[in-house]
Amino acid sequence: MTEYFNHIHNGIPITDVEIIDLHAHLGSTRIMHIPANDVISMVKSMDLCGINKTVVSPIAGIDSDIVLGNNMMLESIRAHRGRIYGACFVNGHHPELSLDELQRCFSEDKDVKMIKIHPISTFCNMKDKRMRNIYEFASDRKLVVLVHTWLDNDQYGNQDIFAELAKDYPKITWIMGHSGGPYGSRHAVELARENENIILDTTLSTAPARQIEFFVSEIGSERIIFGTDNPYLDPRPQIGRIGLADISHQDRVNIFSANAHRMINF
Amino acid sequence: MHKLNYFDCNCSVGRVAYPYLHDIPDVEGLLKEMETAGIDEALVYHTVARDGHPPIGNSMLMDEIRNHRELYPVWVVLPHHTGEMSHPDKLLPEMKKNDVKAVRIYPKANYHSFSISEWCSGELLGALEEECIPLILDLETLSWEDVNTILENHKKLPVIAATCTYRNNRYIYPLLEKHKNLFIELSRFMGGGAVEDLVKRFGSHHIIFGSNMPQYTGTAAVALLTYSDIDQKAKKAIAGGNLSNLLNGAWK
């Protein structure tokens with residue numbers, strides 16, 4: 001039984017440790033109905049479980065229009081300053097526009113903190129040469145880049161492709177989104193061991209039993225960040241995964257926010 | 001506030017050929033997962049009944065959970081025509097004798113390869129309907145069209161849609177509008193605000209707690225429910241009350 005067992009079982013928000021969600025989105029989508037997809041609903045669900053800060057990259061940018069998505073991101077930051085932060089979404093099929101968006105978003109608001117890439121949704125391979133300027137931008141500024149990754153059936157951004165880029169751009173901190181999916185845990189820790197700039201992400205709907213414990217025992221809790229996929233996924237179950245995992249309090253603090261603070265100046 | 005009593009409708013014992021991460025094949029492993037998450041009781045099927053052959057797996061299940069009062073048996077069943085499983089006239093008394101609480105079917109070609117249409121499964125599903133035995137369907141192994149067909153043909157059969165995902169609302173909502181005997185299990189039903197929205201539209205009695213342990217962790221489903229913005233009565237019903245009510249309605 002963990003120190004947060006009673007909190008979680010009684011629906012009491014965790015407040016004695018800061019919780020930062022580095023993997024979230026915003027808005028509606030063609031592929032599914034999301035009841036609580038607006039930023040007000042997202043902040044409400046954050047409040048219900050104790051998430052202090054969330055970094056969003058709106059679904060609109062992933063599904064269709066990166067400018068629309070990034071505008072939604074900037075608006076949500078302004079509407080909920082200190083709670084919502086931004087990840088600028090880029091797409092290698094629009095290399096010049098992506099670079100413009102990076103310049104615009106990072107200069108327009110100090111709370112844009114990361115870059116988000118979703119290779120399989122944009123059908124743009126991470127190794128596509130049109131991505132190079134985006135990586136140079138991130139590398140020059142030593143930014144954090146969150147990439148949706150899955151197993152080797154993802155020909156655009158699987159874990160091995162992701163790791164190749166991590167090797168090529170060592171100044172970037174690379175978050176392996178979803179840590180390669182439910183079957184990807186073992187390969188994720190192998191790649192994280194080989195590349196110090198790879199960070200594992202806890203975000204998953206099909207969350208394997210003992211995955212958090214496995215990550216911590218294999219690579220240490222300093223290389224794992226907390227993510228939720230909010231609002232694709234409700235953020236509250238992800239609190240349960242970390243809060244009830246058989247790991248130490250310090251491990252939980254690292255995952256919930258200490259690692260995020262080491263990577264990003266909030 | 002008191003901790004909710006969790007009665008999980010979606011657990012298994014047994015080895016799996018391709019585990020997500022750890023293979024947790026035995027009852028002790030499942031009980032450890034339940035303890036970590038704070039889950040009290042569970043309906044349990046055997047993975048060999050799903051991935052191997054149902055009669056073998058059902059038999060293994062009865063042996064393995066025999067001494068565990070918090071675990072209740074769920075059999076995986078087949079239509080009787082090939083003789084692999086008894087005719088419902090014999091199967092159901094056998095189930096009752098073994099205190100089987102619910103059943104699961106895996107009709108798709110890469111599982112048990114049979115039709116859910118009446119010419120094949122009608123007698124089996126009809127017999128289950130007659131006794132109000134809950135039928136648990138794994139949405140990773142059959143379609144929403146199949147679910148609708150079963151619900152249309154057997155309007156008094158309690159059907160629990162397990163492992164339906166956060167992407168399924170556009171199927172679930174019209175089915176819940178039509179069918180009072182459909183129940184939604186929580187283990188992957190985790191879209192933003194999904195629980196609150198379902199309760200608001202259809203009431204809490206259509207939601208059944210489930211975790212898919214030990215393939216998944218049970219900790220996520222617990223926090224989904226405890227942190228949901230619904231009243232305590234609804235949480236209690238979802239955590240275990242609704243499933244208990246369904247089971248109490250069986251075998252009468």
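Residues numbered from 1 in each chain as written. Chains lettered and ligands numbered in written order. Predicted model: local features only at pLDDT ≥ 70, side-chain atom pairs only at ≥ 80, totals over all residues.

### A few points about the overall build of chain B
Now for step 1: Assigned secondary structure in chain B consists of 10 helices and 8 strands.
Now for step 2: Computed over the C-alpha atoms, the radius of gyration of chain B is 17 Å, within 12% of the 18 Å expected from 2.2 N^0.38 for a compact globule of 252 residues. (Helix = DSSP H or I, 4+ residues; strand = E, 2+ residues; numbered from the N terminus. Rg over C-alpha atoms; globule rule 2.2 N^0.38 Å.)

### Regarding the overall build of chain A
Now for step 1: Each helix and strand in chain A was counted, giving 12 helices and 8 strands.
Now for step 2: Expressed as lengths along the three principal axes of its C-alpha atoms, the size of chain A is roughly 50 × 40 × 35 Å.
Now for step 3: Counting the 266 residues in chain A, one finds 58% classified as buried.
Now for step 4: Sequence-distant contacts in chain A: of pairs separated by 6 or more residues, those separated by 24 or more amount to 76%. (Buried ≥ 20, exposed ≤ 12 C-beta atoms within 10 Å, placed from the backbone. Contact = placed C-beta atoms within 7 Å.)

### Details of the nonpolar core
Now for step 1: The biggest cluster of nonpolar side chains holds 164 residues, and the ones touching the most others in it are Val145 and Trp174 of chain A together with Val159, Ala161 and Phe209 of chain B.
Now for step 2: In this view, Trp174 of chain A contacts Val145, Val147, Phe162, Leu165, Ala166, Asn197, Ile198 and Ile199 of chain A; residues no more than four positions away in its chain are not counted. (Core = buried A, V, L, I, M, F, W, Y, C linked by C-beta atoms within 7 Å.)

### What about the interface of chain B and chain A?
Now for step 1: Listed as interface residues are 37 residues of chain B and, on the opposing side, 41 residues of chain A.
Now for step 2: Of all elements in the fold, only helix 1 (27–37), helix 7 (169–178), helix 8 (194–202) and helix 9 (219–226) of chain B reach the threshold of two or more residues within the side of chain B that touches chain A.
Now for step 3: Looking at the side of chain B that touches chain A residue by residue, the classes come out as 17 nonpolar, 12 polar and 8 charged. (Nonpolar A, V, L, I, M, F, W, Y, C, P; charged D, E, K, R; others polar.)

### Things to note about helix 3 (residues 54–65) of chain B
Residue and element names in this part refer to chain B.
Now for step 1: Given a rise of 1.5 Å per residue, 12 residues ought to cover 16 Å, and the 16 Å separating the end C-alpha atoms of helix 3 matches this to within 8%.
Now for step 2: Within the sequence span of helix 3, burial applies to Pro54, Gly57, Asn58 and Leu61. One side of helix 3 holds all its buried residues, which, seen down the axis, span an arc of 100°. For helix 3, exposure combined with an orientation more than 90 degrees from the buried face picks out Ile56 and Asp63.
Now for step 3: For helix 3, the secondary structure elements touched by its buried residues are strand 1 (7–13), strand 2 (41–46), helix 2 (47–51) and strand 3 (71–76). (Expected span 1.5 Å × (residues − 1). Arc of directions from axis to C-beta.)

### A short note on helix 11 (residues 236–243) of chain A
Now for step 1: Along helix 11 of chain A, 8 of the 8 residues are buried, which leaves the element largely enclosed by surrounding structure.
Now for step 2: Those residues of helix 11 of chain A that are buried are in contact with helix 1 (5–9), helix 2 (39–49), helix 10 (211–219) and helix 12 (249–263) of chain A together with helix 9 of chain B.

### Focus on the pairing of strand 6 (residues 173–177) of chain A
All names here are of chain A.
Now for step 1: Among the 5 residues of strand 6, 5 are classified as buried, and the element is accordingly described as predominantly covered.
Now for step 2: Covered by surrounding structure in strand 6 are Thr173, Ile175 and Gly177 together with Trp174 and Met176, the residues of both alternating faces.
Now for step 3: Taken together, the 5 bridges between strand 5 (residues 144–148) and strand 6 define a ladder with parallel strand orientation. Pairing of Val144 across the sheet is with Thr173, part of strand 6.
Now for step 4: In terms of handedness, the path from strand 5 via helix 8 (residues 159–168) over to strand 6 forms a crossover that is right-handed.
Now for step 5: Following the chain from strand 6 across helix 9 (residues 185–194) to the adjacent parallel strand 7 (residues 198–201), one finds a crossover that is right-handed. (Pairing = 2+ DSSP bridges. Right-handed = clockwise from strand over helix to strand, strands pointing away.)

### Description of unusual backbone geometry
Now for step 1: Note the cis peptide between Asn230 of chain A and Pro231 of chain A, where omega equals 5°.
Now for step 2: Non-glycine residue His178 of chain A carries a positive phi angle of around 65°.
Now for step 3: Structurally, the position occupied by His178 of chain A is in the loop between strand 6 and helix 9.
Now for step 4: Backbone geometry places Trp251 of chain B, a non-glycine residue, at a positive phi of 55°.
Now for step 5: Counting through the fold element by element, Trp251 of chain B comes out in the segment after helix 10 (232–248).
Now for step 6: Overall, the presence of 14 C-beta atoms within 10 Å leaves Trp251 of chain B in the partly exposed class.

### Considerations on the sheet that holds strand 1 (residues 20–24) of chain A
Residues and elements named next belong to chain A.
Now for step 1: Spatial ordering of the open sheet is given by 1-2-3-4-5-6-7-8, a layout of 8 strands whose pairing is parallel. Every other strand in the sheet has two partners, leaving strand 1 and strand 8 (224–225) as the edge strands with one partner each.
Now for step 2: Bridge analysis of strand 1 against strand 2 (residues 53–56) gives 3 bridges, and the strand direction is parallel. When the sheet's bridge partners are listed, Ile20 is paired in strand 2 with Lys53.
Now for step 3: Those strands touched by helix 5 (residues 95–108) are strand 3 (84–89) and strand 4 (112–117), and its axis lies near 165° from that of strand 3. (Axes fitted to C-alpha atoms, helices over the stretch in contact; angles between N-to-C directions.)

### So, the confidence of the model for chain B
Now for step 1: Here chain B shows a mean pLDDT of 97. Residues at 70 or above account for 100%.
Now for step 2: In the predicted complex, the global pTM is 0.96; the interface-specific ipTM is 0.96. (pLDDT = per-residue confidence, 0-100.)

### Regarding the sheet that holds strand 4 (residues 102–105) of chain B
For sheets, the rule is that strands pair by backbone hydrogen bonds, running either parallel or antiparallel.
All names here are of chain B.
Now for step 1: Strand order in this open sheet of 8 strands is 1-2-3-4-5-6-7-8, and the pairing throughout is parallel. With partners counted over all chains shown, the strands left at the sheet margins are strand 1 and strand 8 (207–208), one partner each.
Now for step 2: As judged from the 5 bridges shared by strand 1 and strand 2, these two strands associate in the parallel manner. The residue bridging Val13 from the neighbouring strand is His46, located in strand 2.
Now for step 3: Helix 3 contacts strand 1, strand 2 and strand 3 of the sheet and is inclined by roughly 170° relative to strand 3.

### Details of the environment of Glu136 of chain A
Residues and elements named next belong to chain A.
Now for step 1: With respect to the helices, strands and loops of the structure, Glu136 is situated in helix 7 (residues 132–140).
Now for step 2: The exposure class assigned to Glu136 is partly exposed, which follows from the 13 C-beta atoms found within 10 Å.
Now for step 3: For the pair Glu136 and Met42, spaced 94 residues apart in sequence, the C-alpha to C-alpha distance is 32 Å.

### Looking at the packing of helix 11 of chain A against helix 9 of chain B
Now for step 1: Helix 9 of chain B packs onto helix 11 of chain A with a crossing angle of 130° between their chain directions and a minimal axis gap of 7 Å. Looking at the two axes, helix 11 of chain A sits oblique to helix 9 of chain B. You can see that helix 11 of chain A and helix 9 of chain B cross each other, and the crossing is right-handed. Where helix 11 of chain A approaches helix 9 of chain B, its residues Arg236, Pro237, Gln238, Ile239, Gly240 and Arg241 of chain A are matched on the opposing element by Thr219, Ala220, Ala221, Val222, Ala223 and Leu224 of chain B.
Now for step 2: For the contact of helix 11 of chain A with helix 9 of chain B, the per-class residue count stands at 7 nonpolar, 3 polar and 2 charged. (Parallel < 35°, antiparallel > 145°, perpendicular 65-115°, else oblique. Left-handed = near helix turned anticlockwise from the far one by under 90°.)

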